[in-house]
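Secondary and tertiary structure notes
So the chains spell out like this:
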Amino acid sequence: MHHLGTGGFSVYAVTKATVAQLVRGDALEFLPRWITVNNIQPSPIEMDGMVLISTQK
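Residues numbered from 1 in each chain as written. Predicted model: local features only at pLDDT ≥ 70, side-chain atom pairs only at ≥ 80, totals over all residues. Heavy atoms only, no water.

All right, on to the overall build of the protein chain then. Secondary structure summary: the protein chain contains two helices and zero strands in total. Residue burial in the protein chain is summarised as follows: out of 57 residues, 7% are buried. On the protein chain, roughly 5,400 Å² of surface is accessible, and the fraction owed to carbon and sulfur atoms is 64%. (Helix = DSSP H or I, 4+ residues; strand = E, 2+ residues; numbered from the N terminus. Buried < 20%, exposed > 50% of the residue type's maximum accessible area, 1.4 Å probe, protein only. Areas by Shrake-Rupley, 256 points an atom, 1.4 Å probe, with all protein chains shown as cover.)

Summarising the element assignment, Val 23 is placed in helix 1 (residues 10–30). For the pair formed by Val 23 and Asn 38, sequence separation is 15 residues and the distance between their alpha carbons is 7.2 Å. In contact with Val 23, other than residues within four places in its own chain, are Val 37, Asn 38 and Asn 39. (Contact = heavy atoms within 4.5 Å.)

The next subject is the environment of Ala 20. By the secondary structure assignment, Ala 20 is in helix 1. For Ala 20, a relative accessible area of 15% puts it in the buried group. Residues Ala 20 and Ile 40 lie 20 residues apart in sequence; the distance between their C-alpha atoms is 8.9 Å. Residues in contact with Ala 20, not counting those within four places in the same chain, are Asn 39 and Gln 41.

Nothing here speaks to function; it is geometry throughout.
This is how it looks when you write it as structure tokens:
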């Protein structure tokens with residue numbers, strides 16, 4: 001799986017990656033008890049703050 005970064009969104013990207021890795025670890029930890037762990041990560045939502053960051057040069 002390949003992901004491309006966008007300038008100004010490093011904190012957002014790190015947060016998504018952290019949550020994804022946490023869920024992977026939880027899934028392995030709960031596997032012996034047959035507990036399913038799910039993670040839904042939608043694409044960024046265009047908000048005023050994100051528009052300002054992406055237009056700054």
